[in-house]
Amino acid sequence: MKMIANVDNNWAIGLKDSLLVNIPADMKRFREITSGHTVVLGRKTLAGFPNGLPLKNRRNIILSTRSDYEVRGAEVVHNKEELFELLREIDSDDIYVIGGGSVYKMLEPYCDTAYITKVDYSYQADTYFPNLEKLENWELVDEGEEQTCFSMIYYFQEYRNKSPKKL
């Protein structure tokens, strides 16, 4: 299982249920990496998508504690046990965790790879990705060259978990 996120210098990912920044090359990379795969996300993350609709060309699994929550074109689970039961049926290399903060935190120990777009800036935020630089199991294995979008500097990074837990 893998995670993919855009983070700032403080590993922040959002403010008031919205992304901190929209970088076209990052969005393109996200589509290329996740297209044709299973994505796992929370209800609030889905609400932030265009028209609140599931992502095309992907199997969308939405985690929501609301028992009456349904989404056309997606599978909804209501707790960690239901989610894990469903995920065990899927090849772990086919699963991408795409947010939000609580979903990343819950599934981080089970992920083996994290694709990070690291923005060299510190934004005001209320939602954070686990700081992989401070977690002993995670190591930076690849960092692309410096990229820019207008005056914003960012890097594509890849982290590996040396000992992910089994679902």
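Scroll up for the structure.
Remember, predicted model here, so these are calculated numbers, not experimental data.

Q: Could you give me a rundown of the overall build of the protein, with the residues and numbers involved?
A: For the protein, the count of helices and strands is four helices and twelve strands. Expressed along its principal axes, the backbone C-alpha trace of the protein runs to roughly 45 × 35 × 30 Å. Here the protein holds 167 residues, and the buried ones make up 47% of them. Considering only residue pairs separated by 6 or more positions, the protein has 63% of its internal contacts joining residues 24 or more positions apart. Total accessible area on the protein stands at roughly 9400 Å², and carbon and sulfur atoms take up 46% of it. Placing the 21 positive and 26 negative side-chain charges of the protein at their respective mean positions leaves the two points 4 Å apart.

Q: Give a description of the pattern of salt bridges that names residues and reports values.
A: Enumeration over the complete set of coordinates arrives at seven salt bridges. Between Lys 28 and Glu 32 there is a salt bridge, and its shortest N-O distance comes to 3.9 Å. Taken as a pair, Lys 28 and Glu 32 lie in helix H1 (residues 24–34) at a separation of four residues, close to a single helical turn. Taking relative accessible area as the criterion, Lys 28 reaches 46% and is therefore assigned partly exposed.

Q: Lay out the nonpolar core in plain terms, naming residues and giving numbers.
A: One finds Met 3, Leu 83, Ile 116, Phe 129 and Leu 132 to be the most contacted residues of the largest nonpolar core, which totals 28 residues. Of all elements in the fold, only strand E1 (2–7), strand E5 (59–63), helix H3 (80–87), strand E7 (95–99), helix H4 (101–107) and strand E8 (113–119) reach the threshold of two or more residues within this core. Per-element tally for this core: the top contributor is H3, with four residues.

Q: So, the packing of aromatic side chains: which residues are in play, and what are the values?
A: Aromatic ring pairs are reported here in terms of the distance separating the ring centres and the angle at which the planes meet. Inspection of every chain in the model, using the stated rule, returns seven aromatic pairs. Three or more aromatic residues joined by ring pairs make a cluster, and in this case those are Trp 11, Tyr 104, Phe 129 and Tyr 159.

Q: Report on the side chain of Asn 161, specifying residues and quantitative values.
A: Of note, Asn 161 is situated in strand E12 (residues 152–161). A distance of 3.0 Å separates a polar atom in the side chain of Asn 161 from the backbone oxygen of Cys 111. A polar contact of 3.0 Å, which involves the side chain of Asn 161, links it to the backbone nitrogen of Ser 163. Beyond its immediate chain neighbours, meaning those up to four positions away, Asn 161 contacts Glu 108, Pro 109, Cys 111, Asp 112, Asn 137 and Trp 138.

Q: Describe the layout of surface pockets, listing the residues and the values that go with them.
A: The volume enclosed by the largest pocket comes to roughly 1300 Å³. Residue lining of the largest pocket: 46 residues in total, with Leu 19, Thr 45, Phe 49, Ile 98 and Gly 99 positioned closest to the centre. Residue assignment for the lining of the largest pocket shows that the elements contributing at least two residues are E1, strand E2 (12–15), strand E3 (18–19), H1, helix H2 (43–47), E7 and H4. Estimated volume of the second largest pocket: approximately 190 Å³. Lining the second largest pocket are Met 1, Leu 87, Arg 88, Ile 90, Ser 92, Tyr 110, Asp 112, Pro 164, Lys 165, Lys 166 and Leu 167.

Q: Any chance you could break down the pairing of E5 for me, citing the residues and the numbers?
A: Judged by how many residues are buried, E5 sits mostly within the fold: four of five residues are covered. In terms of strand pairing, strand E4 (residues 38–42) meets E5 through five bridges, oriented parallel. Counterpart to Leu 41 in the pairing with E5 is Ile 62. The sheet contact formed by E5 and strand E6 (residues 75–77) spans three bridges and is parallel. In the sheet register, Ile 61 faces E6, and the bridge partner there is Glu 75.

Calculation criteria
Residues numbered from 1 in each chain as written. Predicted model: local features only at pLDDT ≥ 70, side-chain atom pairs only at ≥ 80, totals over all residues. Heavy atoms only, no water. Helix = DSSP H or I, 4+ residues; strand = E, 2+ residues; numbered from the N terminus. Buried < 20%, exposed > 50% of the residue type's maximum accessible area, 1.4 Å probe, protein only. Contact = heavy atoms within 4.5 Å. Areas by Shrake-Rupley, 256 points an atom, 1.4 Å probe, with all protein chains shown as cover. Lys, Arg positive; Asp, Glu negative; His and termini not counted. Charge placed at Lys NZ, Arg CZ, Asp CG, Glu CD. Salt bridge = Lys/Arg side-chain N within 4 Å of Asp/Glu carboxyl O. Core = buried A, V, L, I, M, F, W, Y, C linked by side-chain atoms within 4.5 Å. Phe/Tyr/Trp six-rings, centres within 6.5 Å; stacked < 30°, edge-to-face > 60°. Polar contact = N/O pair within 3.5 Å; in protein donor to acceptor, adjacent residues only side chain to side chain. 1 Å grid on protein atoms, 1.4 Å probe; cavity = no way out; pocket = protein on both sides within 12 Å on 5 of 7 lines; lining within 4 Å. Points joined across faces, edges and corners; volume = space filled by probe spheres on them. Pairing = 2+ DSSP bridges.

Interpretation note: all reported values are geometric properties and have no functional meaning in isolation.
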